[in-house]
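Below are the chains, spelled out letter by letter.
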Amino acid sequence: MYRLPFRPEVYVNGSLFYGNGSRSPQGPWGAGNYLDASKKYGLKDEYGLGMWFYNRIAGEVFYSHDYFIEDHEAIPGRVQSQYPDYFIDRPSVNSGYDIYSKNSRNLRYWRMGLSANIRLSRNKYIQPFVFYGIGKTDFPVGSLAFKSNSSNNVGIVSYKFEGIPTKGYVAGLRFHLYSDGNAPGEPFPFFGHIGIKVEYASMEAMGTGTVTCRDLMSGAEVVNVAEVSKRFQYFSVGVFFGIGVKGKRYSGSFLFSKWPYKARKSWFKK
Amino acid sequence: MRSAFFTFGFLFLIAFSSCEGDQYVRFKYTGLDVANVNSAPGIPVVDGSDSIKKEIYGIRLFLFPVETERKGRYFDDHESGVSAEDPIRDIDIICSDSFDIDHPAGSDVTNCFTYLAGNYFHMFPLNDGSGFSPTAKYQHDYADHNFPERADLLLTRMPDNTAYRKFIVRLKYVSGYARTDSTALVKLY
């Protein structure tokens, strides 16, 4: 029986990110300004699996969840600037409307790609990586009241932009620290690993949502379809930890072999 | 062992005390003043002019509430109870001059107005059988001003003439008591 020269690793990552996003185009009834109310930072958590080949190249897949910190208080002001002939009112805490709940825009996407191992020492590595990301973005749902300055009529405008298709790329570096391998022949199959990661992500959400306008007096309702196109560009710094599987009859030198890799015949013996 | 017992008991007392934290507030209405307003700025403002555009016209009721009781530790926007000792049950608005073909001089024009409950997400047509219950809970400063100090009534059905008129407002309370006041003469154009 031969032992194959690959090992799996599992990752759990938490990060903070900071960046910017291009402004959304101006949709009907302030949709563009409504979508641009996020602050420039947020939190990320992701979970992934990597498979290392010959300790040099890994194919990895992660599921990421990026939460943007929203500035809900700024939304009416941003929309107001676009509609000076209206008074924009936001729901109160007892309104039953959702704009000031805790929902936030978030990207949820799969990222798949490659990373490489650059050995620093026996159990420390620098790992550059590049991923392609594909998933969806949910923007916060909510409502605003538009009261005309020239009449007592009021319209309630509700925004819903959920599941907007999103894709892009991510590139960065990991500083990776592995736990020392057990002595050859030790039966324990797992090892731990921790590290710090910095990365740059450029993701673009492009799709359509709905803006619903309801006249409060007559009850008449009109549903408009609005396009959204928003690019998120941000740096993130985070920590990760995880476990890997050494494989049966692990040899410590297999994990911590020096560059360039040389397969040793003894590693493939039964 | 004894110190642990007293520590846990003390912590329990603190926890128990803080469970009854939500405030309960009572107040009473002590007067009534009415004034003409216009809603052009968004939130209606008192307008002392003698002619106002009818599309933005409204009436403000100053209710003069006075707090009579407050129990509890904190006021919670969702959980705290606020009640009036003698709540307002209904409202009548009488127009001094002919309003339109359906409302001659001296008739009840209450159904021509809508109550703005401090937030444009909450506007309640009047005289649809549900009475009139001013509240502060939809206002953005509800946590600091728990009971309604005023109520804005916006004109939503327009008169068909521009005669000078005044609106007589009568508030009827649950006890049967009533208060009456009227706006200044105004021309709605």
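Predicted model, so just to flag it, every value in this text is computed and none were measured.

Visitor: What should I look at first to understand the overall build of chain A in this one?
Guide: Regarding its fold elements, chain A presents three helices and 12 strands. Within chain A, contacts between residues separated by at least 24 positions form 76% of all contacts whose residues are at least 6 apart in sequence.

Visitor: I'm lost on the environment of leucine 153 of chain B in this one. Help?
Guide: Residues and elements named next belong to chain B. Topologically, leucine 153 is positioned in strand β11 (residues 150-155). By relative accessible area, leucine 153 is classed as buried at 0%. Separated by 116 residues in the primary sequence, leucine 153 and valine 37 have C-alpha atoms spaced 9.0 Å apart. Ignoring sequence-local partners within four residues, the contact set of leucine 153 consists of Gly58, Ile59, Leu61, Ile91, Ile93, Phe113, Thr114, Tyr115, Leu126 and Phe132.

Visitor: Please explain the sheet that holds strand β9 (residues 113-119) of chain B as it appears in this structure.
Guide: Sheet strands pair by backbone hydrogen bonding; their relative direction is either parallel or antiparallel. Residue and element names in this part refer to chain B. Read from one edge to the other, the open sheet built from six strands follows the order β3-β2-β5-β11-β9-β10, with strand pairing classed as antiparallel. Bordering the open sheet on either side are β3 (45-46) and β10 (122-125), each of which pairs with just one other strand. Pairing analysis gives four bridges linking β9 to β11, with the strands arranged antiparallel. Among the inter-strand pairings, phenylalanine 113 is bridged to a residue of β11, identified as leucine 155.

Visitor: Would you mind showing me how to read the state of the cysteines here?
Guide: The term disulfide refers to a covalent linkage connecting the sulfur atoms of a pair of cysteines. Residue and element names in this part refer to chain B. Summed over all chains, the structure comprises zero disulfides over all chains. Cysteine cysteine 95 is unpaired, with the sulfur of cysteine 112 as its nearest cysteine sulfur at 8.5 Å. Given the relative accessible area of 0%, cysteine 95 is considered buried. Since its relative accessible area comes to 0%, cysteine 112 is described here as buried.

Visitor: Is there a simple way to explain the environment of tyrosine 159 of chain A in this structure?
Guide: Residues and elements named next belong to chain A. Positionally, tyrosine 159 belongs in strand β9 (residues 154-160). Residues tyrosine 159 and valine 222, spaced 63 residues apart in sequence, show a C-alpha to C-alpha distance of 12 Å. Those residues in contact with tyrosine 159 that lie beyond four places of it in its chain are Trp29, Gly30, Ala31, Tyr34, Pro140, Val141, Gly142, Leu144, Phe146, Thr210 and Val211. Within the structure, the side chain of tyrosine 159 is placed 2.5 Å from the backbone oxygen of tryptophan 29, a separation counted as a polar contact.

Visitor: Explain the interface of chain A and chain B here, please?
Guide: Where interface size is given, it is often the accessible area lost as the parts come together that is meant. Contacts between chain A and chain B engage 21 residues on the former and 25 residues on the latter. At the junction of chain A with chain B, the criterion picks out zero salt bridges. For the side of chain A that touches chain B, the secondary-structure elements that each account for two or more residues are β4 (86-89), β8 (142-148) and β9 of chain A. Looking at side-chain class alone, the side of chain A that touches chain B contains 10 nonpolar, eight polar and three charged residues.

Visitor: Please explain the pairing of β10 of chain B as it appears in this structure.
Guide: Sheet faces and side chains relate simply in a regular strand, where the side chains alternate between the two faces. Residue and element names in this part refer to chain B. With four bridges joining them, β9 and β10 adopt antiparallel strand pairing. For tyrosine 115, the partnering residue across the bridge sits in β10 and is phenylalanine 124. Taking the residues between adjacent antiparallel strands as the criterion, β9 and β10 are bridged by two residues.

Visitor: Explanation requested: the packing of aromatic side chains in the structure shown.
Guide: Remark: the centre distance and the inter-plane angle together describe each pair of aromatic rings, the angle taken between the planes. If you walk through the whole model with that rule in mind, you get 29 aromatic pairs over all chains. Measuring from ring centre to ring centre gives 5.7 Å for tyrosine 125 of chain A and tyrosine 178 of chain A, while their planes differ by 85°; the resulting arrangement is edge-to-face. In this pair, tyrosine 125 of chain A sits in strand β7 (residues 124-138) while tyrosine 178 of chain A sits in strand β10 (residues 164-178), placing the two residues 53 residues apart along the sequence. For tyrosine 178 of chain A, a relative accessible area of 1% puts it in the buried group. Centroid distance tyrosine 115 of chain B to phenylalanine 124 of chain B: 6.2 Å. Interplanar angle 35°. Geometry classified as tilted. A residue is classified by how much of its surface remains accessible, and phenylalanine 124 of chain B, at 35% relative accessible area, is partly exposed. Taken together, the aromatic side chains of Tyr11, Phe62, Phe129, Phe131 and Phe240 of chain A make up a single cluster linked through ring pairs. Cation over ring: arginine 174 of chain A sits above phenylalanine 240 of chain A, and NZ or CZ is 5.9 Å from the ring centre. Cation over ring: lysine 197 of chain A sits above phenylalanine 62 of chain A, and NZ or CZ is 5.8 Å from the ring centre.

What counts and how
- Position labels on residues start from 1 in each chain and follow its written sequence.
- As they are written, the chains are lettered A onward and the ligands numbered 1 onward, keeping that order.
- Thresholds applied to this predicted model are a pLDDT of at least 70 for local features of residues and 80 or more for the giving and counting of side-chain atom pairs; totals over whole chains, interfaces and linings are not thresholded and use all residues.
- Excluding hydrogens and water, the side-chain values take into account all heavy atoms of the structure.
- Note on conventions: DSSP H or I runs of at least 4 residues are helices, E runs of at least 2 residues are strands, and numbering of each starts at the N terminus.
- Only heavy atoms enter the contact rule, under which two residues are in contact if any of them lie within 4.5 Å.
- The classification of residues rests on relative accessible area computed with a 1.4 Å probe and restricted to protein chains. Under 20% of the type maximum is buried, over 50% is exposed, and intermediate values are partly exposed.
- Any two strands with at least two DSSP-identified bridges between them are counted as paired.
- Two cysteine sulfurs form what is called a disulfide whenever their separation falls within 2.5 Å.
- Polar contacts, as counted here, are pairs of nitrogen or oxygen atoms within 3.5 Å of one another; within protein the pair requires one atom able to donate a hydrogen and one able to accept it, and residues that are adjacent in sequence qualify only if both atoms are side-chain atoms.
- A side-chain nitrogen of Lys or Arg and a carboxyl oxygen of Asp or Glu constitute a salt bridge if their distance falls within 4 Å.
- Under the convention adopted here, Pro, Cys and the residues Ala, Val, Leu, Ile, Met, Phe, Trp and Tyr are nonpolar, Asp, Glu, Lys and Arg are charged, and Gly plus all remaining residues are polar.
- Planes of paired rings set the category: under 30 degrees apart is stacked, over 60 is edge-to-face and the rest tilted, where pairs are Phe, Tyr or Trp rings (Trp by its six-membered ring) whose centres lie within 6.5 Å.
- We count a charge as sitting over a ring when the NZ of a lysine or the CZ of an arginine lies within 6 Å of the ring centre and within 35 degrees of the ring normal.

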